[in-house]
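For reference, the chains in residue letters:
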Amino acid sequence: MGFKKVQLSELNFNPFTLIGKQWMLLTGGNKEKFNTMTASWGQLGVLWNKDILTCYIRPNRYTYEFVENGEYFTASFLGEQYRDALKLCGAKSGRDCDKAKEAGITPVELDGCVGFDEADMVFVCRKLYAGGIKADSFLTDEGLAEKFYGSDPLHKAYIAEITAVYVKE
């Protein structure tokens, strides 16, 4: 198949379903060397007069190195038929295996970044801001830091401009 470039404003989707229920693959790097991971936390909106995707990556994830060291990354959205692939990409480390191969998904180059041919939609994102979540900055007594992190490192947030959107032709 292939992709066509469209304007984000042409699309109609529910971001809560798209990210929180369907999940996304965050991918950093280029066709020669990249890594991807499944994410179900993020936001879509407008900030600084730009269309924005905010995502969160723990510093101990292999994908973190690729996103941290590059200017761009992608968010790929795959249909429910790829749920097992998404689960695998969230459970295994690219340090230990070729996740794309094991998941049965095909890397494709889009604007110098990597998305996946099986995706229904891919956002190409340019990092604008990054900052770490801090345990002492939680404002409630709900125990969110303990519940979601325990001894794991806290996420780094990336606010990124959506520079291109590709949909399946």
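Residues numbered from 1 in each chain as written. Predicted model: local features only at pLDDT ≥ 70, side-chain atom pairs only at ≥ 80, totals over all residues. Heavy atoms only, no water.

Colleague: I'd love a proper account of the layout of surface pockets, names of residues and values included.
Modeller: Approximately 250 Å³ is the volume attributed to the largest pocket. Taken together, Trp-23, Met-37, Thr-38, Ala-39, Ser-40, Trp-41, Tyr-56, Arg-58, Arg-61, Leu-86, Gly-90 and His-155 make up the lining of the largest pocket. Of all the secondary structure elements, the ones that give two or more residues to the lining of the largest pocket are strand S3 (33-39) and helix H3 (83-91). With 3 residues, the top contributor of residues to the lining of the largest pocket is S3. Residue composition of the lining of the largest pocket, grouped by class: 6 nonpolar, 4 polar and 2 charged. Size it by volume and the second largest pocket reaches roughly 160 Å³. Around the second largest pocket, the lining residues are Pro-15, Phe-16, Ile-19, Gly-20, Ser-40, Trp-41, Gly-42, Gln-43 and Leu-44. (1 Å grid on protein atoms, 1.4 Å probe; cavity = no way out; pocket = protein on both sides within 12 Å on 5 of 7 lines; lining within 4 Å. Points joined across faces, edges and corners; volume = space filled by probe spheres on them. Helix = DSSP H or I, 4+ residues; strand = E, 2+ residues; numbered from the N terminus. Nonpolar A, V, L, I, M, F, W, Y, C, P; charged D, E, K, R; others polar.)

Colleague: How would you sum up the pattern of salt bridges? Please name residues and give values.
Modeller: According to the stated counting rule, one finds 8 salt bridges in the structure shown. With a shortest N-O distance of 4.0 Å, Asp-152 and Arg-58 are connected by a salt bridge. A residue pair is termed long-range when its members are at least 10 positions apart, and Asp-152 in the loop between helix H5 (144-148) and strand S10 (156-168) and Arg-58 in the loop between strand S5 (50-57) and helix H2 (62-69) qualify at 94 residues. For Arg-58, a relative accessible area of 17% corresponds to the buried category. (Salt bridge = Lys/Arg side-chain N within 4 Å of Asp/Glu carboxyl O. Buried < 20%, exposed > 50% of the residue type's maximum accessible area, 1.4 Å probe, protein only.)

Colleague: Got a sec to walk through the nonpolar core? Specific residues and values, please.
Modeller: Within the largest apolar cluster, 23 residues are counted, with the highest numbers of intra-cluster contacts made by Met-24, Leu-26, Leu-53, Phe-73, Phe-77 and Phe-123. At the level of secondary structure, the elements contributing two or more residues to this core comprise helix H1 (15-21), strand S2 (24-30), S3, S5, H2, strand S6 (72-78), strand S9 (119-132) and S10. When neighbours within four sequence positions are excluded, Phe-123 is seen to be in contact with Leu-8, Phe-13, Leu-44, Phe-73, Thr-74, Ala-75, Phe-77, Ile-162, Ala-164 and Val-165. The next biggest cluster of nonpolar side chains, apart from the first, holds 20 residues, and it includes Phe-3, Ala-85, Leu-86 and Ala-100. (Core = buried A, V, L, I, M, F, W, Y, C linked by side-chain atoms within 4.5 Å. Contact = heavy atoms within 4.5 Å.)

Colleague: Outline the packing of aromatic side chains, listing residues and values.
Modeller: Across all of its chains, the model carries 5 aromatic pairs by this definition. For the pair Phe-34 and Phe-116, a centre-to-centre distance of 6.3 Å together with 65° between the ring planes defines the contact as edge-to-face. With a gap of 82 residues between them, Phe-34 in strand S3 and Phe-116 in strand S8 (residues 113-116) connect regions that are remote in the sequence. An aromatic cluster is present here, built from Phe-13, Phe-77 and Phe-123 joined pairwise through their rings. Its guanidinium or amino end placed over the ring of Trp-23, Arg-83 lies 4.0 Å from that ring's centre, counting from NZ or CZ. (Phe/Tyr/Trp six-rings, centres within 6.5 Å; stacked < 30°, edge-to-face > 60°. Lys NZ or Arg CZ within 6 Å of the ring centre and 35° of its normal.)

Colleague: Any details on the side chain of Thr-27? Residues and values, ideally.
Modeller: Considering the arrangement of structural elements, one finds Thr-27 in strand S2. Taking the relative accessible area as the measure of exposure, Thr-27 reaches 2% and is therefore buried. Of note is the side chain of Thr-27, whose polar atom sits 2.8 Å from the side chain of Thr-36. (Polar contact = N/O pair within 3.5 Å; in protein donor to acceptor, adjacent residues only side chain to side chain.)

Colleague: Would you mind going over the state of the cysteines in detail, with residue names and values included?
Modeller: By definition, a disulfide links the sulfur atoms of two cysteines through a covalent bond. Inspection of the entire model under this criterion finds 0 disulfides. The closest cysteine sulfur to the non-disulfide-bonded Cys-55 is located on Cys-125, 7.2 Å from its own sulfur. The class of Cys-55 is buried, set by a relative accessible area of 0%. For the unlinked cysteine Cys-97, the closest cysteine sulfur is that of Cys-89, found at 8.2 Å. Exposure remark for Cys-97: the relative accessible area of 16% places this residue in the buried category. (Disulfide = S-S within 2.5 Å.)

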